[in-house]
Amino acid sequence: LAYLVFLLLLGRIFKFYFILIFPMLAVISSVVIIELSNKLKDEKIKKVFLLCLVIIIFFFGVKNSIAINKMYFAPFEPGYSMTSFIQSHSNIDDRLFGDVSIVPMMALLTKRDIALDMVDTNKLVFESGVVDLKVTLEKLSQEQLKFIIIRPFTDIETIPEFKSYFEDNCEVAQQFKD
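Residues numbered from 1 in each chain as written. Predicted model: local features only at pLDDT ≥ 70, side-chain atom pairs only at ≥ 80, totals over all residues. Heavy atoms only, no water.

Draft legend 1. Examining the packing of helix α7 (residues 133–142) against helix α8 (residues 160–169) more closely. As a packed pair, α7 and α8 sit with axes 10 Å apart at the nearest point and diverge in direction by 15 degrees. As far as their axial angle goes, α8 and α7 are roughly parallel. When you trace α7 past α8, the crossing you get is right-handed. Here L133, T136, L137, L140 and S141 of α7 come into contact with α8, specifically with E161, F162 and Y165. Its residues assigned to classes, the contact of α7 with α8 shows 5 nonpolar, 2 polar and 1 charged. (Axes fitted to C-alpha atoms, helices over the stretch in contact; angles between N-to-C directions. Helix = DSSP H or I, 4+ residues; strand = E, 2+ residues; numbered from the N terminus. Parallel < 35°, antiparallel > 145°, perpendicular 65-115°, else oblique. Left-handed = near helix turned anticlockwise from the far one by under 90°. Contact = heavy atoms within 4.5 Å. Nonpolar A, V, L, I, M, F, W, Y, C, P; charged D, E, K, R; others polar.)

Draft legend 2. Seen up close, the pattern of salt bridges. Inspection of the entire model under this criterion finds 4 salt bridges. In this structure, the salt-bridge partner of K163 is E157, at a minimum N-O distance of 3.3 Å. The class for K163 is partly exposed, based on a relative accessible area of 32%. (Salt bridge = Lys/Arg side-chain N within 4 Å of Asp/Glu carboxyl O. Buried < 20%, exposed > 50% of the residue type's maximum accessible area, 1.4 Å probe, protein only.)

Draft legend 3. Looking closely at the pairing of strand β1 (residues 95–98). Pairing of β1 with strand β2 (residues 113–114), which is carried by 2 bridges, proceeds in the parallel orientation. Residue pairing in the sheet places R95 in a bridge with D113 of β2. Crossover connection from β1 via helix α5 (residues 103–110) to parallel β2: handedness right-handed. For β1 and strand β3 (residues 147–149), the ladder comprises 3 bridges, and the chain directions are parallel. Across the sheet, residue F97 finds its bridge partner in β3, namely I148. (Pairing = 2+ DSSP bridges. Right-handed = clockwise from strand over helix to strand, strands pointing away.)

Below you can see the structure in the form of structure tokens.
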């Protein structure tokens, strides 16, 4: 209940905030399933009910795992050429900044640090006010960045202030297709 009150006090609510409610929903669902199975008098029907429930849960678990693997663990072919490009056009002490879906991986592969130690540049971080956009842009202006890596039409590139910053302060060094 306290968490729901907390959500109501936030300026903007995102879907993933409700993930903390899942454990309570699991407990409630378990209680309901046990109550339903206890109401069944015939042991065979009870076993069939529970078996069907297990099969349904297993099916959706496998289906969702396959979907997640296809979406989040797809091969990122430009990664190899991006790594090579960054390593050959920068020094080991140069820092990277940019899209949350690419920069952390590029930082690890190229052994470069991430500017402002800002690994999470997800658009929602700025929209929710967790990270102040204006302060971030001011700090970026003070950094001597070699590369800002963005993906068109995603995350920070869609924030007008970032887009303006990129257009005013950056030039395209290389484009990669994924």
